[in-house]
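# Descriptive structure summary
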Amino acid sequence: MSDRLDGRVAIVTGAASGIGRAIALRMAAEGAVVIAADRNVERLEGLKGEDTMPGQVVHVAGDLTTTDGIDAVVMAAGAHGGADILVNNAGVMDWFLPAGDVDDATWETVMAVNVTAPMRLMRAVLPGMLAQGRGAIVNVASVAGITGAAAGLAYTASKHALVGMTRNTAYFYGPQGVRTNVVCPGGVETHIAEGGAVPRLPWTYERLQANFGRAQRTAQPDEIASLVLWLAGDEAVNVNGAVIASDGGWSAA
Ligand SMILES: NC(=O)c1ccc[n+]([C@@H]2O[C@H](COP(=O)([O-])OP(=O)(O)OC[C@H]3O[C@@H](n4cnc5c(N)ncnc54)[C@H](O)[C@@H]3O)[C@@H](O)[C@H]2O)c1
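Residues numbered from 1 in each chain as written. Predicted model: local features only at pLDDT ≥ 70, side-chain atom pairs only at ≥ 80, totals over all residues. Heavy atoms only, no water.

Identification of the protein chain as NADP-dependent 3-hydroxy acid dehydrogenase YdfG from Pedococcus cremeus is taken from an unreviewed UniProt entry. Turning to the protein chain, the UniProt record has this under Sequence similarities (unreviewed entry): "Belongs to the short-chain dehydrogenases/reductases (SDR) family." (UniProt positions renumbered as here; feature names shortened; annotations may be inferred.)

## Describing the overall build of the protein chain
Check the secondary structure of the protein chain and you find seven helices and seven strands. In sequence order, the protein chain lays out its α and β elements as β-α-β-α-β-α-β-α-β-α-β-α-α-β. Here the protein chain has a C-alpha radius of gyration of 17 Å; the compact-globule value for 253 residues is 18 Å, and the two agree. Along the first, second and third principal axes, the C-alpha set of the protein chain runs to 50 × 40 × 35 Å. Taking all 253 residues of the protein chain together, 49% fall into the buried category. Counted over contacts in the protein chain with a minimum sequence separation of 6, partners at least 24 positions apart contribute 75%. Looking at the protein chain as shown, the accessible area adds up to about 11100 Å², and 53% of this sits on carbon and sulfur atoms. Counting 17 positive and 25 negative side-chain charges, the protein chain places the averaged centre of each group 5 Å from the other. (Helix = DSSP H or I, 4+ residues; strand = E, 2+ residues; numbered from the N terminus. Rg over C-alpha atoms; globule rule 2.2 N^0.38 Å. Buried < 20%, exposed > 50% of the residue type's maximum accessible area, 1.4 Å probe, protein only. Contact = heavy atoms within 4.5 Å. Areas by Shrake-Rupley, 256 points an atom, 1.4 Å probe, with all protein chains shown as cover. Lys, Arg positive; Asp, Glu negative; His and termini not counted. Charge placed at Lys NZ, Arg CZ, Asp CG, Glu CD.)

## Considerations on the packing of aromatic side chains
Applying the stated criterion to the full structure yields four aromatic pairs. One aromatic cluster is present, formed by Phe-96, Phe-212 and Trp-250 through successive ring pairs. (Phe/Tyr/Trp six-rings, centres within 6.5 Å; stacked < 30°, edge-to-face > 60°.)

## Quick look at the site of the ligand
Within the structure, the ligand sits among 28 residues, and Ser-17, Asp-38, Asn-89, Tyr-155 and Thr-190 are positioned closest to it. His-191 has a polar backbone atom sitting 3.0 Å from an oxygen atom of the ligand. Protein burial of the ligand: of its 820 Å² of free accessible surface, 93% is covered by the chains. Of all the secondary structure elements, the ones that give two or more residues to the shell around the ligand are α1 (18-29) and α5 (153-173). Residue composition of the shell around the ligand, grouped by class: eleven nonpolar, 13 polar and four charged. (Near = heavy atom within 4 Å. Polar contact = N/O pair within 3.5 Å; in protein donor to acceptor, adjacent residues only side chain to side chain. Nonpolar A, V, L, I, M, F, W, Y, C, P; charged D, E, K, R; others polar.)

## Focus on the environment of Ser-17
Relative to the helices and strands, Ser-17 resides in the loop between β1 (9-13) and α1. Distance from Ser-17 to Ala-72, taken between C-alpha atoms, is 19 Å for residues 55 residues apart in sequence. With near-sequence residues (within four places) excluded, Ser-17 lies in contact with Asp-38, Arg-43 and His-191.

## A few points about the pattern of salt bridges
The tally for this structure, following the rule as stated, stands at nine salt bridges. With a shortest N-O distance of 3.0 Å, Lys-48 and Glu-45 are connected by a salt bridge. Residue class for Lys-48 comes out partly exposed when judged on its relative accessible area of 42%. Shared partners join several salt bridges into a network, and the residues in it are Arg-4, Glu-30 and Glu-235. (Salt bridge = Lys/Arg side-chain N within 4 Å of Asp/Glu carboxyl O.)

## Describing the nonpolar core
Core analysis: the largest hydrophobic core is formed by 36 residues, its most contacted members being Ile-23, Met-27, Val-34, Ile-85, Val-87 and Val-228. When residues of this core are traced back to their parent elements, those giving at least two are β1, α1, β2 (33-38), α2 (41-47), β4 (85-88), β5 (135-140) and α7 (221-232). Setting aside chain neighbours within four positions, we find Val-228 in contact with Ile-23, Met-27, Val-87, Val-138 and Val-183. Membership of the second largest hydrophobic core comes to 30 residues, among which are Val-9, Met-111, Ile-137 and Val-163. (Core = buried A, V, L, I, M, F, W, Y, C linked by side-chain atoms within 4.5 Å.)

## Some thoughts on the pairing of strand β6 (residues 178-185)
Counting buried positions along β6 yields eight of eight residues, so the element is predominantly enclosed. With six bridges connecting them, β5 and β6 associate as parallel partners. Across the sheet, Val-138 pairs through a bridge with Asn-181, a residue of β6. Note that the unit made of β5, α5 and β6 has a crossover that is right-handed. In this sheet, strand β7 (residues 243-246) lies alongside β6 in parallel orientation, the contact comprising four bridges. Each bridged residue has a counterpart across the sheet, and for Cys-184 the counterpart in β7 is Ala-245. (Pairing = 2+ DSSP bridges. Right-handed = clockwise from strand over helix to strand, strands pointing away.)

Structure below.
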């Protein structure tokens, strides 16, 4: 590992598990102070044994759909001088419910976690990034953010929203030194199946199989983390507003 992120402060949401955990550990290994945010206290505790690296991992337990949860993350970053990097990674799925069957609770939860929390965090960190004339935001969407055949209505809408939020933020703030990009993973081996990843309706499951069958491989979290790390670092200085699939070619099929 190098010291590519030496002196940087990075907020990583959903850092207790899967892709976020891999991002948090890699960023700390590259020298960053990582504000590791997650509502899963037990798994966040488990991350503690892992952070023996040049950087440092600061654990912030809380629900990012609450004001308190967002404030705690922003305060933790502020205590270290403010965020240079924001990775909006926390996300939940939607039981693959289509428009005719989606319930309000599923819609609202998915939107709160996948869309509103990233908006609030971007809004909170932008003033500091603009003041220093430098910042990198990396959002984690999904193949469901660029296709219509990978999830239910709410998840698909939320990830398309995150792609749009990325492009809009990139356009407005790029000239002032803040780069915003979005990564769209295909299938990744994580804990996401624990919530909302089981199809509730047999017919949607059957319908989706035609598309899932085109996915060529399942990725490991570290394979997504390496792309996020590159986008967050100075090597990607000319990359802003990019929507990058990391899906083994699934969305190209
Ligand atoms: N695993 C996949 O196949 C896959 C594919 C495409 C996109 N993604 C996206 O990657 C991101 C990471 O997912 P993952 O696969 O690592 O899943 P994961 O379930 O292993 O990790 C997600 C983490 O987010 C946390 N989280 C969820 N809601 C939260 C909230 N309200 N407040 C705080 N923390 C919260 C969870 O506690 C969990 O630790 C998500 O945005 C997901 O949509 C995953």
